[in-house]
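Descriptive analysis of the structure
Here are the chains, one letter per residue:
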Amino acid sequence: MARAPPSYCFVAFPPRAKDGLVVFGKNSARPRDEVQEVVYFSAADHEPESKVECTYISIDQVRRTHAIVISRPAWLWGAEMGANEHGVCIANEAVNAREPAAETEALLGMDLVRLGLERGTTAKEALDVIVSLLEEHGQGGNYYEDANSCHSFQSAYLLVDRDEAWVLETVGKYWAAEKITEGVKCICNQLSLTTKMDAEHPELRTYAQSQGWWTGEDEFNFSQIFSPADDHPDNCAGKDSLEKQEESITVQTMIDILRDKASGVCIDSESFLTTASIVSVLPQNRSSPCIHYFTGTPDPSRSIFKPFIFVDDVKLVPKAQSPCFGDDDPAKKEPRFQEKPDRRHELYKAHEWARAVIESDQ
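A quick note: this is a predicted structure, and the numbers were derived from the prediction, not measured. (Residues numbered from 1 in each chain as written. Predicted model: local features only at pLDDT ≥ 70, side-chain atom pairs only at ≥ 80, totals over all residues. Heavy atoms only, no water.)

**Some points on helix H6 (residues 251-258)**
For H6, the full list of buried residues reads Thr253, Met254, Ile255, Ile257 and Leu258. Between a side-chain oxygen at the N-terminus of H6 and the backbone nitrogen of Gln252 the separation is 3.3 Å; the capping residue is Thr250. (Buried < 20%, exposed > 50% of the residue type's maximum accessible area, 1.4 Å probe, protein only. Helix = DSSP H or I, 4+ residues; strand = E, 2+ residues; numbered from the N terminus. Polar contact = N/O pair within 3.5 Å; in protein donor to acceptor, adjacent residues only side chain to side chain.)

Take a look at the structure:
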């Protein structure tokens, strides 16, 4: 079973977060050479019975999709993380579970992030969208642009709005969720929900019993039942980083946590790199706008967090968008990934150049 990349998602609520702000953050750990782009899609109306082409499969489109801004690996349709015009933020984590993830092409966890943002006006509404699509289409397929091997994972999500957050963890079509309205929360690349679940798949417990993973007599502990035997659920570096913050959590605190290599939250290893990051500020006072800070470049300790605000006439930023290869994209043709095109955008190239200059001490 492929090891899930060590990404981290965070949320902090007042009073732990300062000035009546909800603060959300994510470091996206992905294969080292993968490029992430930052893309904006405006709200749109769609024809009845139209389809939307996701990374691997097409599904029914809805009548209206919300405006979204997302950070995504440039080869796929979905998103690692992002926000919509209603102040909903979603990030996902690839996780390993007792049941291996399907290699059959279906919806990716990253597709479900984007679909949740396009269709949900609150965190809970986005959660309902994701679990209903999971029930209908399932999840599966390669998480990486790799022709040699299929890396498939189960998914966990952190969904946040101005009032509350939901942690959603999935195994196949089965899922459990916990609602959070105070304090701080971190999720990483392993299942974390235990006995407190505020919503769950109606057949979750029956399924666990049918697999012989739960007797029906002990207390139902989601991560204990569904985690792989060799998983140690307390190994989440980000949890300590957030919980040990003694002062109020601000945007800068969250950025500092994401930049911290010593803690392991900012990944720079042989296999993985933090290829993009986000920090969002959601004021509980609805008259103030939400602000979303994206890097669009690898390694947050060497990146600038650039702000985005939803306004009436959003100007696109082509410098943070990767080249488009249309139907000739090797990710869209079968067999997939026979070639790897150069997906670097202008911002990524400038960042690479600056890093090379710094490293050569010029």
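**Focus on the layout of surface pockets**
If you roll a probe as big as a water molecule over the atoms, it shows you where there is empty space left. Each pocket or cavity is described by its volume, and for the largest pocket that value is around 500 Å³. Arg72, Trp75, Leu76, Trp77 and Lys332 are, among the 25 residues lining the largest pocket, the residues nearest its centre. (1 Å grid on protein atoms, 1.4 Å probe; cavity = no way out; pocket = protein on both sides within 12 Å on 5 of 7 lines; lining within 4 Å. Points joined across faces, edges and corners; volume = space filled by probe spheres on them.)

**Regarding the pattern of salt bridges**
Within the structure shown, the criterion is met by 26 salt bridges. For the salt bridge of Glu80 with Lys26, the shortest nitrogen-to-oxygen distance reads 2.9 Å. In this pair, Glu80 sits in the loop between strand E8 (68-73) and strand E9 (81-84) while Lys26 sits in strand E2 (residues 21-31), placing the two residues 54 residues apart along the sequence. One network of salt bridges, in which partners are shared, links Arg32, Lys261, Asp268 and Asp299. (Salt bridge = Lys/Arg side-chain N within 4 Å of Asp/Glu carboxyl O.)

**Notes on empty space enclosed by the protein**
For the structure shown, the criterion picks out one cavity of 30 Å³ or more. Size it by volume and the largest cavity reaches roughly 50 Å³. As for the largest cavity, its lining consists of Pro5, Ser7, Ala29, Arg30, Glu80, Asn92, Glu93, Ala94 and Tyr143. Going through the elements one at a time, E2 and strand E10 (89-95) are the ones with two or more residues in the lining of the largest cavity.

**Description of the sheet that holds strand E3 (residues 36-41)**
Read from one edge to the other, the open sheet built from eight strands follows the order E3-E8-E9-E10-E11-E12-E13-E15, with strand pairing classed as antiparallel. The strands lining the two open edges of the sheet, one partner per strand, are E3 and strand E15 (199-200). Where E9 lies against E10, three bridges are found, and the strand directions are antiparallel. Bridging from a neighbouring strand, Ala83 pairs with Cys89 of E10. (Pairing = 2+ DSSP bridges.)

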